[in-house]
Amino acid sequence: MPTEFKIVLFLCSWGPHAAFQRLQDQRADIPPEIKMVRIPCSGRISKALLFKPFEMGADGVILVGCAPGACRYGTGTETAAENTEDTRRILDLIGLDGERVQLGNFQPDAADDLLAFLKAFAARIRELGKSPVHAQADRERTAAEPETVEAIVARHDVFACQDCGKCTSACSLALAGKPFSPRYVAAEIIAGHADRPDVRASVNACLTCGVCYERCPSAVNFPEFIKDMRAYYHDRDVSAVPAHGGFFQSMMRAMTSESLVPRRWTHLPESIRTNPKSRVLFFGGCASYFDIFFHKFLGVQTERIVEDSLRLLNFFDVEPALMSDERCCGHDLLWSGDRENFLRLARINADAIAATGAEEIITACPECCHTLGTEYVRYGIELPVKVTHMHAFLEREIGKGAVAFKAPQGRMAFQDACRQSRFDGQADLPRKLLKHLCADVPDALNDDGAPTPCCGNSAWIGCDAFSKHFQVQRLQRVRQNGSTTLITACPKCQIHLRCAMEDVLRGDDLKVETMDLVSAIARSIYWA
């Protein structure tokens, strides 16, 4: 029997393990491709853990738990079913095939049924063939040799820090009570303490929102310094595990396999018009994955931002091209320190974008816009297209006149996207659109024009109680100012703030409708 296939079996330590142990005692013909990992409960295997084996080269994953009603912990069986279904949907979306993950539930006396289940799954994996994802461990290193701390410090001129403390006094984390200070991090790394655990923790805690850079009289670009320090730690295998078990970084690393063919646009509404020969290419980003991953607890609908963007393009007679095999831009890999896989993904994206023949690429995600338009170029990957944010497109088209907007209901507050407002210097762009939106009711917009604080997380790193604290403060200010809707400019801002609204102790005190600016415009615009 062939053994080149790799199947990981997560096996619950209670009922199913007894059945599996009986098969071992009987020397049953368990498929040799299957490698068993004993776990305390099937409900403890998260979506990140179900996906991780694929990043590491597995061809299939089986999760076996107790039969419904028999879980020792009450909800394990139900949780396992939900996590498996979500993972299967994501596997289908990225082109791995959801059938490569299977859930089974067995009692201790069901050894024969378990064996039949394992054999059937192994046979199906052989039919599907080897996974198109190449294991990270099998790849040769392609990035340049890691920089030294001294080189990173010198390149960012961190020595110019005046120790004035303006960065710390403006830092959202510090203001929330977290023992965090950009100038402390800079001083400790300069002093040669970069490898000390507390310094590493501070580097990973940074939101990289850019407020400190705005305040720094010496123009030390602290977010870029942090980005390079995270790469330094990642190259030495001492980087922190991102939030949600590192699921999104794991998914992006899987996307660096060129043989993988994502199925990004399979659920696009039929009413949206596209043209594969269009000179305008629309880049959707990770919204579809977010909606699947967070649907149970947060009920997010960030894919609506993508669909509304396409509807607005159609409204202005633009039928964009779409890449059916679109991958993530790689933002989260870059900012969590995995520069090598970011570059792999960027090169694949650059080739795919060039192959479309498009002249302009439009995206509604500020992180995608910054990454495609700035970071790719910074790392020597030139795109043969103009990168435009959806807000810039809308301002350009609305400025031509002949359109009007339905008056908004209630008051609105606005949440800036850090990559757009501070990194790309376009804090005024969404506010121009908001003024168009509120032209008939100027008092509907509750905004002082200054960029708002960060939503509390970037690249899924550093989410903790302090992040939650100032997210709660932000929502409380929105409510106190009489706003009924919070307009966002980034899908992750919407996710993080909606997460804060789930505070069970505060209940409805934090609830406020959240809507992306693109969706707000799509709901209101009409030809005058």
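All of these numbers come straight from a predicted model, not from anything done at the bench. (Residues numbered from 1 in each chain as written. Predicted model: local features only at pLDDT ≥ 70, side-chain atom pairs only at ≥ 80, totals over all residues. Heavy atoms only, no water.)

Participant: Run through the overall build of the chain, naming residues and quoting values.
Facilitator: In terms of helices and strands, the chain carries 23 helices and 14 strands. The C-alpha atoms of the chain give 25 Å as radius of gyration, which agrees with the globular expectation for 528 residues (24 Å, within 12%). In terms of principal-axis extent, the alpha carbons of the chain reach across some 75 × 60 × 50 Å. In the chain, which comprises 528 residues, the share counted as buried stands at 56%. Pairs at least 24 apart in sequence give 81% of the contacts found in the chain among residues at least 6 apart. Just so you have it, the chain exposes about 22000 Å², and 50% of that area is on carbon and sulfur atoms. With 61 positive and 67 negative side-chain charges, the chain shows a separation of 2 Å between the mean positions of the two kinds. (Helix = DSSP H or I, 4+ residues; strand = E, 2+ residues; numbered from the N terminus. Rg over C-alpha atoms; globule rule 2.2 N^0.38 Å. Buried < 20%, exposed > 50% of the residue type's maximum accessible area, 1.4 Å probe, protein only. Contact = heavy atoms within 4.5 Å. Areas by Shrake-Rupley, 256 points an atom, 1.4 Å probe, with all protein chains shown as cover. Lys, Arg positive; Asp, Glu negative; His and termini not counted. Charge placed at Lys NZ, Arg CZ, Asp CG, Glu CD.)

Participant: Summarise the side chain of S524; cite the residues concerned and give the values.
Facilitator: With respect to the helices and strands, S524 occurs in helix α23 (residues 517-524). Within polar-contact distance, the side chain of S524 engages the backbone oxygen of A520 at 3.0 Å. (Polar contact = N/O pair within 3.5 Å; in protein donor to acceptor, adjacent residues only side chain to side chain.)

Participant: Tell me about the nonpolar core, and name the residues and values.
Facilitator: Counting 63 residues, the largest nonpolar core has I94, F248, M251, Y289 and F294 as the members making the most contacts within it. Ranked by residue count, the leading element in this core is helix α16 (residues 339-356), at six residues. Beyond its immediate chain neighbours, meaning those up to four positions away, M251 contacts F51, I90, I94, Y289 and C328. Counting residues in each nonpolar core, the second largest holds 40 residues, with L310, I362, M515 and V518 among its members. (Core = buried A, V, L, I, M, F, W, Y, C linked by side-chain atoms within 4.5 Å.)

Participant: Break down the pattern of salt bridges for me, citing the residues and quoting the values.
Facilitator: Scanning all chains against the criterion turns up 40 salt bridges. A salt bridge links K52 to E55; the shortest N-O distance between them is 3.0 Å. Of the two residues, K52 and E55 are both situated in helix α2 (residues 47-55); the distance of three residues between them amounts to about one turn of the helix. For K52, a relative accessible area of 31% gives the class partly exposed. The shortest N-O distance in the salt bridge between R378 and E224 comes to 2.9 Å. Taken together, the positions of R378 in helix α17 (residues 366-378) and E224 in helix α11 (residues 222-235) put the pair 154 residues apart, joining distant regions of the chain. Classification of R378 by relative accessible area gives partly exposed; the value is 43%. Where salt bridges share partners, they join K52, E55, R253 and D338 into one cluster. (Salt bridge = Lys/Arg side-chain N within 4 Å of Asp/Glu carboxyl O.)

Participant: Describe the pairing of strand β3 (residues 60-65), with residues and values.
Facilitator: If a strand is regular, its side chains alternate between the two faces of the sheet. With six of six residues buried, β3 is to be regarded as a mostly interior element. The alternating pattern of β3 places G60, I62 and V64 on one face and V61, L63 and G65 on the opposite face, and all of these are buried. When strand β1 (residues 7-12) meets β3, the two strands line up parallel, connected through five bridges. Bridge pairing in β3 links F10 to L63. In the sheet, β3 pairs with strand β4 (residues 101-105) via five bridges, with the strands oriented parallel. In the strand pairing of β4, G65 is matched with N105. You can see the chain leave β3, run along helix α3 (residues 76-94) and come back into β4, and the turn it takes is right-handed. (Pairing = 2+ DSSP bridges. Right-handed = clockwise from strand over helix to strand, strands pointing away.)

Participant: I'd love a proper account of the packing of aromatic side chains, names of residues and values included.
Facilitator: Counted under the stated rule, the structure contains 23 aromatic pairs. Where F248 meets F293, the ring centres are 5.0 Å apart and the plane angle is 55°; that geometry is what we call tilted. Of this pair, F248 sits in helix α12 (residues 247-254) while F293 is found in helix α13 (residues 287-294), placing the two residues 45 residues apart along the sequence. On the numbers, 5.9 Å between centres and 80° between planes, the contact of F316 with W527 is edge-to-face. Of this pair, F316 sits in the loop between α14 (303-315) and β6 (321-322) while W527 sits in strand β14 (residues 525-527); the two residues are 211 residues apart in sequence, bridging distant segments of the chain. Grouping aromatic residues by their ring pairs yields a cluster made of F51, F54, F247, F248, F290, F293, F294 and W460. Above the face of the F293 ring, K47 is positioned so that its terminal group lies 4.8 Å from the ring centre. (Phe/Tyr/Trp six-rings, centres within 6.5 Å; stacked < 30°, edge-to-face > 60°. Lys NZ or Arg CZ within 6 Å of the ring centre and 35° of its normal.)

Participant: With reference to specific residues and values, describe the sheet that holds β3.
Facilitator: Strand order in this open sheet of four strands is β2-β1-β3-β4, and the pairing throughout is parallel. Each edge of the open sheet is held by one strand with a lone partner, namely β2 (34-39) and β4. Here the strands of the sheet are splayed against their neighbours by 20° on average, with no regard to which way each runs. The sheet contacts of helix α1 (residues 15-25) involve β1, β2 and β3, and relative to β1 the element is tilted by about 120°. Here α3 sits on the sheet and contacts β3 and β4; the angle it forms with β4, its principal contact strand, is near 165°. (Axes fitted to C-alpha atoms, helices over the stretch in contact; angles between N-to-C directions.)

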